[in-house]
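Notes for the structure review
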Amino acid sequence: MYILAIETSCDETSVAVLENAADLKSNVIASQIKSHQRFGGIVPEVASRHHVEQITICFEEAIKQSGISVNEISAVAVTYGPGLVGALLVGVAAAKAFAWANNLSLIPVNHMSGHIYAARLVEELTFPLIALLVSGGHTELVYMSEDGSYELIGETRDDAAGEAYDKVGRVMGLSYPSGKEIDELSVEGSDIFNFPRAMIKEENLDFSFSGLKSAFINTVHNAEQRGEELSIADLSASFQAAVIEVLVAKTLKALKLYPVKTLIVAGGVAANQGLRQALKQATADMDIKLIFPPVKLCGDNAGMIAAAAYVAYSKGVSADLSLNAVPNLEL
Ligand code: KG4
Ligand code: ZN
């Protein structure tokens, strides 16, 4: 079967065509990052307008690249949350129109389940599993006993990891989003600032990154007041070391509490090379399969939404034309 999927939750307009569980026929992604960069973050109205302009072009391109015709498509899937309400609505409206016009089933998909199922596009999943979800809006540990079952076992109490990357990047004068650049700069610097590793010793599986962000900003401001210039590479390395240490410690804690066969690391921050290395090392002696989706499937894309939709569809999940966007949708 072929599923056509749509993703418009934030700043990427994306349409994909998936054959069965994992054979991606096309995955067209139109990024709006350049339009938001000059504002140093996402402007929701600008995002919605871009989605409206791009969605039809992405549809046509995704179908063309897939090599199949519209009448071969069995279902249309769409991200209906979490995300920016105006952005989500563009995808939801497009999905409903396409489903209605072509008499197709409509599959509602949670964006975070999409990030997890990006892993399914590269490997079969063995359950039970834990997913560490690290993106611009979320930092979560999720336990899955089987396909389509999600139990939130840990989450951030304040900022998401990606959000912290973007905020400290802004303080260093880097362009938005700055996760990738900080990751690259880290290699050239050393962890000399010893930023706080919040909640690392606590028994729970929750995270907190706002204290780290404040410590970082204070360090930079104090140096500025003294007329000192700090090394961006050392600042990056110190920030990244603090984030990674906490993410790894909490993931190991989760693996101890929930013995699983697979660990998936997904979301935009899963592209981080330092995190990949640290988690590979930390789990090297464990009997678990570690899956990082390829970097191009870590950021927002409709291919991952289609992969999650395939599972939902096989479990009988569908929506009618009253489907609405849910900005704070939980797993
Ligand atoms: O999943 P995603 O594409 O969008 C959301 O759903 O939020 O994640 C975007 C986030 C941004 O905060 C960006 O700075 C971060 O992922 N990111 C990275 C890296 N690449 C992207 N963070 C750290 N290291 C990277 N290499
Ligand atoms: Zn995302």
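The preceding data block contains the structure.
In this report, the structure presented in the accompanying data block is examined. Bear in mind that the values here come from a model prediction, so they are computed numbers and not experimental data. (Residues numbered from 1 in each chain as written. Chains lettered and ligands numbered in written order. Predicted model: local features only at pLDDT ≥ 70, side-chain atom pairs only at ≥ 80, totals over all residues. Heavy atoms only, no water.)

Points about the sheet that holds strand β8 (residues 151–155)
Ordered by their spatial adjacency, five strands build an open sheet running β8-β7-β6-β9-β10, and the pairing between neighbours is mixed. Single-partner strands in this sheet number two, and they are β8 and β10 (289–291). The mean angle between the axes of side-by-side strands here comes to 20 degrees, regardless of whether they run parallel or antiparallel. Direction of pairing for strand β6 (residues 129–134) relative to strand β7 (residues 139–144): antiparallel, over a ladder of six bridges. Across the sheet, L132 pairs through a bridge with L141, a residue of β7. (Pairing = 2+ DSSP bridges. Helix = DSSP H or I, 4+ residues; strand = E, 2+ residues; numbered from the N terminus. Axes fitted to C-alpha atoms, helices over the stretch in contact; angles between N-to-C directions.)

Observations regarding the coordination of the zinc ion (ligand 2)
Distances from the zinc ion (ligand 2) to its protein donors, H111 (NE2), H115 (NE2) and D300 (OD), fall at 2.0 to 2.1 Å. Within one chain, the residues donating to the zinc ion (ligand 2) are spaced in sequence as H-x3-H-x184-D. Separated by four residues within a single helix, H111 and H115 lie in helix α4 (residues 111–117), roughly one turn from each other. This pair shows no difference in class: H111 is buried, exactly as H115 is. (Donors = N, O, S within 2.8 Å, 3.2 Å for Na, K, Ca; no water. Buried < 20%, exposed > 50% of the residue type's maximum accessible area, 1.4 Å probe, protein only.)

Here's the deal with the site of ligand 1
Taken together, 20 residues surround ligand 1, and among them H115, G136, D166, G268 and N272 come closest. Between ligand 1 and the protein, one listed contact pairs an oxygen atom with a backbone N or O atom of G137 at 3.4 Å. One nitrogen or oxygen atom from the main chain of G162 is found 3.2 Å from an oxygen atom belonging to ligand 1. For ligand 1, whose free accessible area comes to 560 Å², the fraction covered by protein is 86%. Structurally, ligand 1 is housed in the largest pocket. Within the residue set of the shell around ligand 1, elements represented by two or more residues are α4, α5 (161–171) and α6 (179–186). For the shell around ligand 1, a count of residues per class yields four nonpolar, 12 polar and four charged. In terms of domain composition, the shell around ligand 1 takes at least three residues from each of domain 1 (2–116 + 299–314) and domain 2 (124–292). (Near = heavy atom within 4 Å. Polar contact = N/O pair within 3.5 Å; in protein donor to acceptor, adjacent residues only side chain to side chain. Areas by Shrake-Rupley, 256 points an atom, 1.4 Å probe, with all protein chains shown as cover. 1 Å grid on protein atoms, 1.4 Å probe; cavity = no way out; pocket = protein on both sides within 12 Å on 5 of 7 lines; lining within 4 Å. Sits in = over half its atoms within 2 Å of the grid points. Nonpolar A, V, L, I, M, F, W, Y, C, P; charged D, E, K, R; others polar. Domains from an automatic or database assignment.)

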